[in-house]
Amino acid sequence: MTHMATLLDKAQLFRSLHVPGTPVVLPNAWDAASARVVAHAGAPAVATTSAGIAWSLGHGDGDRLTRDQALDAITRITAVVDVPVTADIERGYATDPAGVAETVRGVLAAGAVGINLEDTLRPVAEQAERIAAARRAADETGVPLFINARIDTHRLPPDSRTAWLDETLARARAYAAAGADGIFVLGTLTAEAVRPLVDSQPLPVNVLAGPGAPPVSELAGAGIARISAGSSIAEAAYALVRRAAHELLEKGTTAELEGGFDYATLNALLLTEPPR
């Protein structure tokens, strides 16, 4: 099977997983090892977290990675799993639509079949141009890249849910017209809060799972099509590092390490080639 045929198959599979009410659940990974663990746990696809990748490379989150660093990380992840991979590319690692298109071509060359592209509340028309450029770049390759448009209305003042909903819906409709395939809304949202998003705009809706969020079953009941962990698993992993380090340094004990992978199991998981 050719590389492009494999990408096409994975892209079509990933797209088919977005079913409102029966959401695809994505525990996000940030390096090859975490991706292999997530896939081995049974995830039907692997999503990256740009925050986790940035932290693992010694950077803070927030568009501080270079395009090359991000694409290198995506390439390492796609090489070790056989399931579709969708990549968090932050703002597209570009200042203009042409640069976003270049990043998208790099994402496909790296073997991923989906992206998250955040709007940082930039003017709607400007973000729509960036999404349209991503759509054209993907379509020119013949691979139906899933463009998940992140709408950053979580940055609005929290005192008006009406303003939040109106702005989110306006952006969702504009991004759908520009070629987006889904919308991603951050924040700890109740099922009641997300129902209007599902009902009042045309795209599948992605929300976060994590501390304080409703369980998957409640979000599914509201018609959500995709649930992802975002950076929360990476945060928990690094919190374990902190707890274990403090315990060892201050008490000389290692109770925090109970329940971890044993060396042989984790090593064997990484030694095994993924099926192709």
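Note that the structure is a prediction, hence the values are computed from the model and not measured. (Residues numbered from 1 in each chain as written. Predicted model: local features only at pLDDT ≥ 70, side-chain atom pairs only at ≥ 80, totals over all residues. Heavy atoms only, no water.)

Chemist: Sorry, what's going on with the pairing of strand E7 (residues 205-208) here?
Modeler: For a regular strand, side chains alternate in direction, first toward one face of the sheet and then toward the other. With two bridges connecting them, strand E6 (residues 182-185) and E7 associate as parallel partners. Bridge pairing in E7 links Phe 184 to Asn 206. In this region the chain leaves E6, passes through helix H8 (residues 191-200) and returns to the parallel neighbour E7; the handedness of that crossover is right-handed. Sheet topology places E7 next to strand E8 (residues 226-228); three bridges connect them, and they run parallel. When the bridges of E8 are listed, Leu 208 appears paired with Ser 228. You can see the chain leave E7, run along helix H9 (residues 216-221) and come back into E8, and the turn it takes is right-handed. (Pairing = 2+ DSSP bridges. Helix = DSSP H or I, 4+ residues; strand = E, 2+ residues; numbered from the N terminus. Right-handed = clockwise from strand over helix to strand, strands pointing away.)

Chemist: Just to check I follow, could you spell out the pairing of strand E4 (residues 114-118) for this structure?
Modeler: Along E4, five of the five residues are buried, which leaves the element largely enclosed by surrounding structure. Neither face of E4 is open: one carries Gly 114, Asn 116 and Glu 118, the other Ile 115 and Leu 117, and all of them are buried. Of the strand pairs in this sheet, strand E3 (residues 85-88) and E4 are connected by three bridges, and their pairing is parallel. Paired with Asp 88 across the two strands is Asn 116, which belongs to E4. Where E4 meets strand E5 (residues 146-151), five bridges bridge the pair, whose relative direction is parallel. In the sheet register, Asn 116 faces E5, and the bridge partner there is Asn 148. The parallel pair E4 and E5, bridged by helix H6 (residues 124-141), forms a crossover whose chirality is right-handed. (Buried < 20%, exposed > 50% of the residue type's maximum accessible area, 1.4 Å probe, protein only.)

Chemist: When you look at the packing of helix H7 (residues 161-178) against H8 in this model, what are you seeing that I'm missing?
Modeler: Packed helix pairs are specified by the crossing angle of their axes together with the interaxial distance, meaning the distance between the axes. Remark: H7 packs on H8, axes separated minimally by 10 Å, with the N-to-C direction vectors making an angle of 30°. Judged by the angle between their axes, H7 and H8 are roughly parallel. As H7 packs across H8, the resulting crossing turns out to be right-handed. Seen from H7, the contacting residues are Arg 161, Trp 164, Leu 165, Thr 168, Leu 169 and Arg 173; seen from H8, they are Ala 193, Pro 196, Leu 197 and Ser 200. Split by residue class, the contact of H7 with H8 holds six nonpolar, two polar and two charged. (Axes fitted to C-alpha atoms, helices over the stretch in contact; angles between N-to-C directions. Parallel < 35°, antiparallel > 145°, perpendicular 65-115°, else oblique. Left-handed = near helix turned anticlockwise from the far one by under 90°. Contact = heavy atoms within 4.5 Å. Nonpolar A, V, L, I, M, F, W, Y, C, P; charged D, E, K, R; others polar.)

Chemist: What is the right way to read the environment of Leu 186 from this model?
Modeler: By secondary structure assignment, the location of Leu 186 is in the loop between E6 and H8. Given the relative accessible area of 16%, Leu 186 is considered buried. When the C-alpha positions of Leu 186 and Asn 206 are compared, they lie 8.6 Å apart, and in sequence the two are 20 residues distant. In contact with Leu 186, other than residues within four places in its own chain, are Arg 150, Ile 151, His 154 and Leu 208.

Chemist: I tried to follow the pattern of salt bridges on my own but got confused; where do I start?
Modeler: Opposite charge on two side chains permits pairing when their charged atoms draw close. Enumeration according to the criterion identifies twelve salt bridges in this entry. Residues Glu 126 and Arg 122 are paired through a salt bridge, measuring 2.8 Å at the closest nitrogen-oxygen approach. The class for Glu 126 is partly exposed, based on a relative accessible area of 35%. According to the relative accessible area criterion, Arg 122 is buried, its value standing at 15%. (Salt bridge = Lys/Arg side-chain N within 4 Å of Asp/Glu carboxyl O.)

Chemist: Looking at this structure, I do not really get the sheet that holds E4. What am I missing?
Modeler: Pairing between the strands of a sheet is mediated by backbone hydrogen bonds and can be parallel or antiparallel. On the basis of which strands lie adjacent, the open sheet formed by eight strands has the order E1-E8-E7-E6-E5-E4-E3-E2 and parallel pairing. Since the sheet does not close on itself, it has two edges, and those belong to strand E1 (24-26) and strand E2 (46-47), each with one partner. In this sheet, E3 lies alongside E2 in parallel orientation, the contact comprising two bridges. When the sheet's bridge partners are listed, Ala 47 is paired in E3 with Thr 86. H7 contacts E5 and E6 of the sheet and is inclined by roughly 155° relative to E5.

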